[in-house]
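Spelled out, the chains give:
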Amino acid sequence: MTCYLAHLSNGPSICVLSWGASGSRSVLTNQSGTWHSGACPTDTLVSFAYVPVDYPCVGKEMSSAVAMEATRRRPKHSSPSVSPEVTEENAGQWGRAWEVDWFSLGGVILLLCTAPFQVFFFVMACHQYKCSVTQPLVELYSGEATLSSIWDKAPSFTWTAVQIYAAWVFFQVVLYTCIPDITHKFLPGYSGGVQDGARTPAGLINKYQINGLQSWLITHALWYANAKYFHWFSPTIIFDNWIPLLWCTNILGYSVSTFAFVKAYLFPTNAEDCKFTGNVFYNFMMGIEFNPRIGKWFDFKLFFNGRPGIVAWTLINLSYAAKQQELYGYVTNSMILVNVLQGIYVLDFFWNEAWYLKTIDICHDHFGWYLGWGDCVWLPFLYTLQGLYLVYNPVQLSTGHAAAVLLLGLGGYYIFRSANHQKDLFRRTDGKCAIWGKKPTFIECAYRSADGGLHHSKLMTSGFWGVARHLNYTGDLMGSLAYCAACGFGHVHPYFYIVYMTILLVHRCVRDEHRCSSKYGKDWKRYTDAVPYRLLPGIF
């Protein structure tokens with residue numbers, strides 16, 4: 001439901017019109033400063049204009065009522081200027097799903113029930129079984145171990161871990177909210193500071209304070225200074241408290257997810273960008289609010305996607321390397337490869353944080369348990385499995401093996417970064433650029449946002465984006481395989497990451513294309529006809 005100010009020809013009274021999912025108009029009429037339900041005489045309607053629900057002339061009582069209803073209905077607008085290929089039915093419907101099928105609901109409940117135990121299993125397997133994923137299962141089957149005996153051996157919750165994690169999160173909040181970016185002023189080519197995000201389904205364009213690279217540099221400079229000069233804490237502090245930290249990250253993950261869920265009902269940042277499916281499990285997991293915020297700049301999605309998990313990623317790997325040095329007196333070339341290749345990926349993320357505002361995580365996903373818990377727990381614990389494995393199983397690779405891993409990782413990064421650079425260049429120049437030395441080809445398309453606005457976009461069919469629709473994901477998968485291959489072939493444990501990333505990115509392809517189909521309609525069909533393959537040219 002969307003609100004409008006309507007001016008009548010036979011008097012000064014004002015109506016607020018709301019187009020519901022059925023296309024009907026429900027009306028609140030202002031008479032002598034009081035809002036009343038009733039019919040607005042459409043024969044005397046001479047003009048109307050879109051107004052946000054917090055428009056100053058709308059009283060608190062009316063604003064609250066309309067806002068609550070607005071979050072539960074799809075907007076539907078009538079306009080004489082609608083493109084024949086952009087229908088009213090798909091206006092503003094290109095974000096997360098409005099309705100949930102039984103298969104999706106089953107997957108949601110399964111993940112909610114099992115994902116925390118999956119993380120515990122892989123960490124516990126290293127702690128108790130030197131990263132064997134089959135031995136605990138065999139012992140459980142044979143009766144040599146029980147679930148309670150495995151649980152009893154795991155380190156428990158400690159206040160030391162609470163203090164470490166609380167200090168870490170607080171420090172990242174301070175860096176994110178209190179220190180505006182200055183690195184963009186002296187780093188050529190870096191885009192930091194205040195940046196515009198992509199248009200939301202409701203038609204809004206949010207502003208973001210981009211300072212992730214600066215936060216990463218400050219954090220790692222302090223880490224180095226501590227290790228080299230101050231010795232406030234051991235470089236192995238993360239590894240030494242790894243399982244107790246797991247309990248702390250779960251507490252934060254569930255707390256922020258629950259807060260975002262309740263906030264969406266009671267005080268959403270922007271009600272027009274909320275989506276209620278009617279299913280509490282799906283709403284909790286996939287999120288209701290599109291861009292929940294506290295104040296002007298603290299954006300939940302940007303903070304939890306980038307900090308504290310991804311800033312911590314390289315610190316976790318450094319802690320693993322320090323532990324390997326402490327235990328064995330040396331750091332293996334495999335550990336160095338994992339640190340270097342994953343470090344390149346993390347630095348790339350923060351160097352291109354402004355570009356990240358245009359990706360599926362920010363442009364389409366709502367903020368719920370999937371992002372809140374996932375960024376706090378799943379990312380730091382399962383994305384770093386290779387380094388954890390190498391602490392318990394130091395692997396010194398042959399020169400040929402190490403070179404192959406390095407080439408695979410760098411090749412994947414080149415494809416990943418080049419493909420994303422091409423898309424970003426195409427967007428920034430509106431197609432007025434050269435891709436592979438030629439003028440890019442593209443498909444013109446149009447879409448509607450929930451406020452009824454008609455917008456135009458271009459889908460590039462040149463360069464890497466003419467080879468496959470998601471070749472950047474292909475490069476990402478090559479890099480993921482390189483991380484795993486650096487661990488040798490002694491256990492399947494470190495290869496969970498490539499299995500997970502394959503499932504994640506293939507599923508993301510499907511999700512992304514479903515949304516693009518809803519967003520662009522027939523224009524998307526023209527694009528898929530021009531670029532028929534998703535990830536692997538000639539295969540898939």
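Residues numbered from 1 in each chain as written. Predicted model: local features only at pLDDT ≥ 70, side-chain atom pairs only at ≥ 80, totals over all residues. Heavy atoms only, no water.

Let us look at the overall build of the chain. When you go through the chain residue by residue, the secondary structure sums to 21 helices and 11 strands. The proportion of buried residues among the 540 residues of the chain is 54%. Summarising the internal contacts of the chain: among those between residues at least 6 apart in sequence, 74% fall at separations of at least 24. A total of about 24100 Å² of accessible surface is found on the chain, and carbon and sulfur atoms cover 64% of it. (Helix = DSSP H or I, 4+ residues; strand = E, 2+ residues; numbered from the N terminus. Buried < 20%, exposed > 50% of the residue type's maximum accessible area, 1.4 Å probe, protein only. Contact = heavy atoms within 4.5 Å. Areas by Shrake-Rupley, 256 points an atom, 1.4 Å probe, with all protein chains shown as cover.)

Relative to the helices and strands, Asn-291 resides in the loop between helix H9 (280-286) and strand S8 (293-294). In terms of polar contacts, Asn-291 uses its side chain to reach the side chain of Tyr-208, at 3.0 Å. The contact partners of Asn-291, leaving out residues within four places of it in the chain, are Thr-200, Asn-206, Tyr-208, Thr-269, Asp-299 and Lys-301. (Polar contact = N/O pair within 3.5 Å; in protein donor to acceptor, adjacent residues only side chain to side chain.)

Moving on to the nonpolar core. One finds Trp-242, Trp-378 and Tyr-383 to be the most contacted residues of the largest nonpolar core, which totals 110 residues. Tyr-383 has contacts with Trp-313, Gln-342, Trp-378, Tyr-497, Tyr-500, Met-501 and Leu-504, leaving out every residue within four places of it along the chain. Listed in part, the 11 residues of the second largest apolar core include Leu-425, Ile-435, Trp-465 and Leu-471. (Core = buried A, V, L, I, M, F, W, Y, C linked by side-chain atoms within 4.5 Å.)

This part covers the packing of helix H12 (residues 333-351) against helix H19 (residues 471-485). Following both chains from N to C, one finds H12 and H19 inclined at 155 degrees, their axes separated by 10 Å at the closest point. Judged by the angle between their axes, H12 and H19 are roughly antiparallel. Considering the relative orientation of H12 and H19, their crossing is left-handed. Seen from H12, the contacting residues are Val-338, Leu-341, Gln-342 and Tyr-345; seen from H19, they are Asp-476, Ala-482 and Tyr-483. Split by residue class, the contact of H12 with H19 holds five nonpolar, one polar and one charged. (Axes fitted to C-alpha atoms, helices over the stretch in contact; angles between N-to-C directions. Parallel < 35°, antiparallel > 145°, perpendicular 65-115°, else oblique. Left-handed = near helix turned anticlockwise from the far one by under 90°. Nonpolar A, V, L, I, M, F, W, Y, C, P; charged D, E, K, R; others polar.)

Following Arg-307, the chain continues to Pro-308 via a peptide bond in cis, the omega torsion being 10 degrees. You will see that Asp-430, though not glycine, has its phi angle at about 55 degrees, which is positive. One can find Asp-430 in the loop between helix H17 (399-428) and strand S10 (442-448). The class for Asp-430 is partly exposed, based on a relative accessible area of 40%. The backbone of Trp-436 sits at a positive phi, close to 55 degrees, despite the residue not being glycine. Mapping Trp-436 onto the fold places it in the loop between H17 and S10. On the basis of relative accessible area, Trp-436 is assigned to the exposed category, the value being 54%.

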